[in-house]
Amino acid sequence: MTWGPMYMYYRCGTCGKQFKYAVDLIPRFGEKFGNCPVCQTPGVFVKDGARTPDDGDYEEVDE
Amino acid sequence: MAKTIITVAPNGAWPKKENNPNVPITPQEIVNDVYDCWQAGAAIAHLHMRDDRGFGTMSTDKFRETIGLLREQHPDCDIILNLTTSGDLDATDETRMAHLEEIRPEMGSYDCGSMNWLNTSLFINHPDFLETLGKNMQAWGIKPEIEAFDPGMIANAAYYLKKGVLKAPLHFQFCMGCANGIPGNMKSLLFMKDTMESLCPGSTWSCFGVGHSAMEMTYGAVALGGHIRVGMEDNVMYAKGQLAESNRQLVERAARVIREYGNTVATPAEAREILGLTK
């Protein structure tokens, strides 16, 4: 039994952008994990878990 | 030419239509999907069931209905059935294996240890459960697919092998990149393979990666002589920003990778030979 990737969901305290990071990419992002892709500042943690119905409201950061 | 087995895991217990409208949920949808994937090259179907609200269930009735429909509507389909024993975190030890006793599939999953579940709950596989399940599967002629989410679960399988709870040769499914499990990358996959060969020599193995590691693990499995699992249980996406159109689409891609590498896609009959299935 698996459950697909797990995400951590954030909102940027500066620009309000909503975004998410897959937990399996922690090694790739290192200290930048959780940063807003626009402002490059640490986002405010909202929730975590597998994909949820509002998943599309959060931009996935993967590059 | 080496033969590579494709296992399809079409739905799991987690993804719903909201995550991807193409996830098969009902018994008829699962049957249609399995038949499609068999035609595309899948030799094994790892099946979960859903209740009428779409949640994972270990209902023997649902398993019976689905397998019955598959055999009735598609008597030509010789795909190997691998039924989950972990389709509902609230199931009891008894309901996790009741369907195996009645249906007697060729394979069943065997999660060889416990772990945290999405950082919110527990995925418990108590030693008493694993001992009973292993012995029952031997008695019922069902080959365990040892799901290993980290190297410790391989070591646990070696222990049960020595104890007689499991019988060689084992077949492992390396579950890569799951939260709280081993990361999905080539270094980790090599370590899982080396650990298996050290502790349980003579075993066969397959793997998959959830999310971003899906393709890396697919290519890695072929290159390292393993087998492949694909399906929307592990990935509802086909590529970045692109939902999978069907499980068949994922099976077809795996088959292309296998052929491009120079291997052939194992038929169910060939998979039975590789895995030592005798039914």
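Scroll up to find the structure.
Everything quoted here is computed from the prediction, not taken from an experiment.

Definitions and cut-offs
Each residue is numbered by its place in its chain's sequence as written, counting from 1. In the order they appear in the text, chains get letters beginning with A and ligands get numbers beginning with 1. Selection of residues for local features in this predicted model requires a pLDDT of at least 70, selection of side-chain atom pairs for listing and counting requires 80 or more, and totals for whole chains, interfaces and linings are taken over all residues. Neither water nor hydrogens contribute to the side-chain values; these are computed over all heavy atoms in the structure. Helical segments are the DSSP runs of H or I of at least four residues, strand segments are the runs of E of at least two, and each set is numbered from the N terminus. Classification of residues uses two cut-offs on accessible area relative to the type maximum, computed with a 1.4 Å probe and protein chains only: under 20% is buried, over 50% is exposed, and between them is partly exposed. In this description, contact between two residues means that some pair of their heavy atoms is separated by no more than 4.5 Å. To be clear on the numbers: accessible area is Shrake-Rupley with a 1.4 Å probe, and residue cover counts the displayed protein chains and nothing else. As used throughout, the charge tally considers Lys and Arg to be positive and Asp and Glu to be negative, leaving His and the chain termini uncounted. One atom stands in for each charge, and that atom is NZ of Lys, CZ of Arg, CG of Asp or CD of Glu. Only the stretch in contact is used when a helix axis is fitted, and all axes are lines through C-alpha atoms; the angle between N-to-C directions ranges over 0 to 180 degrees. Angle categories are assigned with fixed cut-offs, so that under 35 degrees is roughly parallel, over 145 is roughly antiparallel, 65 to 115 is roughly perpendicular, and the rest are oblique. Here a crossing is taken to be left-handed if its near helix is turned anticlockwise relative to the far helix by less than a right angle, and right-handed if that turn runs clockwise. Definitions used for this entry: grid spacing 1 Å over protein atoms alone; cavity, a set of points where a 1.4 Å probe fits but cannot get out; pocket, an open set with protein on both sides within 12 Å along at least 5 of 7 lines; lining residue, one with an atom within 4 Å of a point. Grid points are joined across faces, edges and corners, and a volume is the space filled by probe spheres set on the points.

1. Structural notes on the overall build of chain B
Looking only at helices and strands, chain B features nine helices and 16 strands. Along the longest, intermediate and shortest principal axes, the C-alpha atoms of chain B span 40 × 40 × 40 Å. Across the 279 residues in chain B, those meeting the buried criterion constitute 58%. Once local pairs closer than 6 in sequence are excluded, the contacts in chain B between residues at least 24 apart make up 73%. In the form shown here, chain B has an accessible surface area of approximately 11000 Å², with 52% of it arising from carbon and sulfur atoms. Charge-centre separation for chain B: the mean point of 25 positive side chains lies 4 Å from the mean point of 34 negative side chains.

2. Quick look at the overall build of chain A
The helix and strand tally for chain A stands at one helix and four strands. Helices and strands appear in chain A in the N-to-C order β-β-α-β-β. Its C-alpha atoms give chain A principal-axis dimensions of roughly 40 × 25 × 15 Å. Within the span of chain A, comprising 63 residues, buried residues form 44% of the whole. Here the contacts in chain A between residues at least 6 apart in sequence split such that 54% fall between residues at least 24 apart. With an accessible surface of roughly 3100 Å², chain A has 51% of that area assigned to carbon and sulfur atoms. Taken as two groups, the 7 positive and 10 negative side-chain charges of chain A have centres that lie 3 Å from each other.

3. Let's talk about the packing of helix α4 (residues 127-140) of chain B against helix α5 (residues 151-163) of chain B
Helix-helix packing is described using two parameters, namely the angle between the two axes and the distance between the axes. Residue and element names in this part refer to chain B. Running from N to C, α4 and α5 point in directions that differ by 55°, and their axes come no closer than 12 Å. With respect to their mutual orientation, α4 and α5 come out oblique. Helix-helix and strand crossings are classified by hand; for α4 and α5 the assignment is right-handed. Of α5, the residues touching α4 (which contributes Pro 127, Leu 130 and Glu 131) are Asn 156, Tyr 159, Tyr 160 and Lys 163.

4. Considering empty space enclosed by the protein
Enumeration over the complete set of coordinates arrives at one cavity of 30 Å³ or more. By volume, the largest cavity amounts to about 80 Å³. Surrounding the largest cavity, A:Trp3, A:Gly4, A:Pro5, A:Arg51, B:Trp14, B:Pro15, B:Asn19, B:Met232, B:Glu233, B:Asp234, B:Asn235 and B:Val236 form its lining.

On their own, these measurements won't tell you what the molecule is for.
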